[in-house]
Amino acid sequence: MACLTHSGRIFGLTFILHRYPPVCRNIRNMNRQSIQMHASTLSWHNERPLAMPSIHSPPQPAMTCIASISTSQTLSRQVSKTDYLKRMKAVNWTKKLPEDAFIDPVKELQSYVATPILSDNEKLFTPSDEAVKEGEGVFQSVKLIKSVASLDKLPDENVPEVAVIGKSNVGKSSLLQALFSSTPNIVKTGKKPGQTQTLNFFDVDGKFRLVDVPGFGYNMPANYHELVEGYLTSRKNLCRTLCLKSGSTRYPVDKLGKDMISEMGIPYVIVLTKIDRFSPHLLLKTFLETKQTYIQTGGNCFPQLFVVSSLTGAGIPFLQTFIAHITGNLKSPMFTVQEKELAKESPSIFAVY
Ligand SMILES: Nc1nc2c(ncn2[C@@H]2O[C@H](COP(=O)(O)OP(=O)(O)OP(=O)(O)O)[C@@H](O)[C@H]2O)c(=O)[nH]1
Ligand SMILES: [Mg+2]
């Protein structure tokens, strides 16, 4: 059987699209019934003429599109271990981020399917290129001001704070280090879950703080609930919480995390991490499932997902701009018409400090 191969780039990594075997390893983990072939519902935009949906078949929701990708259509990212390690070595946070890191990875994800993966109400934060450069510039001077193991030792509440939460090992500390790329080695990360055991407060140019929070799950501190829940529910200057979730479909719904954050009633934003590790196909699936779980069920979640790789820097400037925006440190106006309308119904989710 002929093997047609298309190559291209996503999130800074080269991938090869095989229209025929080999079958992507990850696909074996998926429910085979859910990926039955309906090739007409999906249009890959990459190096292939875009097959627009036929007038006889009504446009499919993006979820159906993803569910209907066959094993033979899966985008398989053929990165050898050597290439991967080279790439890891190449990322040196003392240097500036690569130019392709400035593109919102969600836009890149969209380029693989014809059906819109976001509605207008889910594309609220769309900063201009100038605003993204401005956002990145806000993160130039960073200091670790305090590591706190009990609530009575918290620093003052004079500037806005943004906390980063999620399961152990999801990439919270790495995300902070990527956001602080101009200040190398300021955040401790670890291969084993449970690296961060205290609330670590990082001051950004005296304007706001980012807080690295211990992860829940493996090796969490004994006083996790008292410390973390106590901090999240009582902190007056906590303007937003970034709730991290792995880009992997192995953990589509983090029920514990969702219940915890919903119960607390604090405004939060979902960030999908480690996107360099997954094929566009798996990422799209996780993206849409996460959107359905967190955003479309209402609650206190900002109705737009952020996706990042702390390894390649993809999505980092975009998230920096968002943080600069919500902490009141961007001059460029950010609100779209939809955001203004939605803000009337849920002011805390859209509040700017
Ligand atoms: N490939 C890849 N690996 C990542 C990324 N982000 C984090 N990692 C790896 O994931 C592991 C855990 O990263 P941490 O940032 O320490 O995770 P954490 O959520 O802070 O973990 P705890 O402090 O234990 O809760 C490390 O081995 C990182 O190198 C990413 O974007 N891409
Ligand atoms: Mg950590």
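Structure shown above.
Now for a quick tour of the structure. Owing to the predicted nature of the structure, the values given are computational and were not obtained by experimental measurement.

Next up on the list: the overall build of the protein chain. Helix and strand counts for the protein chain come out as 11 helices and 10 strands. By residue count, 53% of the 353 residues in the protein chain fall in the buried class. Taking the intrachain contacts of the protein chain between residues at least 6 apart in sequence as the baseline, contacts between residues at least 24 apart amount to 78%. Roughly 16,500 Å² of accessible area belongs to the protein chain as shown, and the carbon and sulfur atoms make up 54% of that amount.

Turning our attention to the site of ligand 1. Neighbouring residues of ligand 1: 24 residues in total, closest Lys-172, Ser-174, Gly-194, Asp-276 and Ser-310. Val-170 has a polar backbone atom sitting 3.2 Å from an oxygen atom of ligand 1.

Donor atoms from the polypeptide that coordinate the magnesium ion (ligand 2) comprise Ser-173 (OG) and Thr-196 (OG1), at 2.1 Å from the metal. In this pair, Ser-173 is assigned in helix α5 (residues 172-179) and Thr-196 in the loop between α5 and β6 (199-204), connecting sequence segments 23 residues apart.

Our next topic: the pairing of strand β5 (residues 161-165). Within β5, 5 of the 5 residues are buried, which leaves the element mostly enclosed by the surrounding structure. Burial along β5 is two-sided: Glu-161, Ala-163 and Ile-165 and Val-162 and Val-164, pointing in opposite directions, are all buried. Where β5 meets strand β7 (residues 208-212), 4 bridges bridge the pair, whose relative direction is parallel. When the bridges of β7 are listed, Val-164 appears paired with Asp-212.

Time to look at the pattern of salt bridges. Using the criterion set out here, one finds 7 salt bridges in the structure. In this structure, the salt-bridge partner of Glu-161 is Arg-209, at a minimum N-O distance of 2.6 Å. Placement of Glu-161 in strand β5 and of Arg-209 in strand β7 is noted, with a sequence separation of 48 residues between them. For the residue pair Glu-161 and Arg-209, the accessibility class agrees, reading buried in each case. We note a salt bridge from Arg-235 to Glu-161, for which the minimum N-O separation is 2.8 Å. Residue Arg-235 is found in the loop between α6 (224-234) and β8 (238-246), and its partner Glu-161 is found in strand β5; the two are separated by 74 residues along the sequence. The exposure class assigned to Arg-235 is buried, which follows from its relative accessible area of 7%. A single salt-bridge network, built from bridges that share partners, covers Asp-156, Glu-157, Glu-161, Arg-209 and Arg-235.

On to unusual backbone geometry, then. Phi is positive for Asn-169, which is not a glycine, with a value near 75°. Of note, Asn-169 is situated in the loop between β5 and α5. Positioned with a positive phi, Asp-205 is a non-glycine residue whose angle comes to about 55°.

The subject of this paragraph is the nonpolar core. Counting 41 residues, the largest nonpolar core has Ile-117, Leu-199, Tyr-231, Leu-232 and Phe-287 as its most contacted members. Taken together, the elements giving at least two residues each to this core come down to α3 (105-110), β5, β6, α6, β8, α7 (255-264), β9 (268-273) and α8 (280-295). Once residues lying within four places of it in the same chain are set aside, the contact partners of Leu-199 are Lys-146, Ser-147, Val-148, Leu-154, Val-211, Asp-212, Val-213, Pro-214, Leu-227 and Tyr-231. Membership of the second largest hydrophobic core comes to 38 residues, among which are Leu-124, Ile-186, Phe-318 and Ala-324.

Right, let's talk about the environment of Gln-320 for a bit. Looking at where Gln-320 falls in the secondary structure, it is placed in helix α9 (residues 316-326). Each C-alpha atom of the pair Gln-320 and Lys-133 lies 9.4 Å from the other, and the pair is 187 residues apart in sequence. Setting aside residues up to four positions removed in sequence, Gln-320 forms contacts with Gly-135, Glu-136, Phe-139, Ala-178 and Leu-179.

Looking now at the environment of Val-164. Along the polypeptide, Val-164 turns up in strand β5. On the basis of relative accessible area, Val-164 is assigned to the buried category, the value being 0%. As a C-alpha pair, Val-164 and Pro-214 span 50 residues in sequence and 9.0 Å in three-dimensional space.

Moving on: α5. With 7 of 8 residues buried, α5 lies mostly within the body of the structure. All of the buried residues along α5 are Lys-172, Ser-173, Leu-175, Leu-176, Gln-177, Ala-178 and Leu-179. Of the surrounding secondary structure, the elements contacted by the buried residues of α5 are β5, β6, β7, β8 and α9.

In this section: the packing of aromatic side chains. Taken as a whole and judged by the stated rule, the model has 11 aromatic pairs. Among the aromatic residues, those joined into a ring-pair cluster are Phe-125, Phe-302, Phe-306, Phe-318 and Phe-322.

Once that is clear, we can look at the environment of Ser-332. Along the chain, Ser-332 turns up in the loop between α9 and α10 (337-345). Measuring from C-alpha to C-alpha, the distance between Ser-332 and Ser-128 comes to 8.6 Å, with 204 residues separating the pair along the chain. With sequence-adjacent residues up to four places away left out, Ser-332 is seen in contact with Ala-131 and Glu-134.

How each quantity is defined
- Residues numbered from 1 in each chain as written.
- Chains lettered and ligands numbered in written order.
- Predicted model: local features only at pLDDT ≥ 70, side-chain atom pairs only at ≥ 80, totals over all residues.
- Heavy atoms only, no water.
- Helix = DSSP H or I, 4+ residues; strand = E, 2+ residues; numbered from the N terminus.
- Buried < 20%, exposed > 50% of the residue type's maximum accessible area, 1.4 Å probe, protein only.
- Contact = heavy atoms within 4.5 Å.
- Areas by Shrake-Rupley, 256 points an atom, 1.4 Å probe, with all protein chains shown as cover.
- Near = heavy atom within 4 Å.
- Polar contact = N/O pair within 3.5 Å; in protein donor to acceptor, adjacent residues only side chain to side chain.
- Donors = N, O, S within 2.8 Å, 3.2 Å for Na, K, Ca; no water.
- Pairing = 2+ DSSP bridges.
- Salt bridge = Lys/Arg side-chain N within 4 Å of Asp/Glu carboxyl O.
- Core = buried A, V, L, I, M, F, W, Y, C linked by side-chain atoms within 4.5 Å.
- Phe/Tyr/Trp six-rings, centres within 6.5 Å; stacked < 30°, edge-to-face > 60°.

Note that all results are geometric; they support no functional claim without further evidence.
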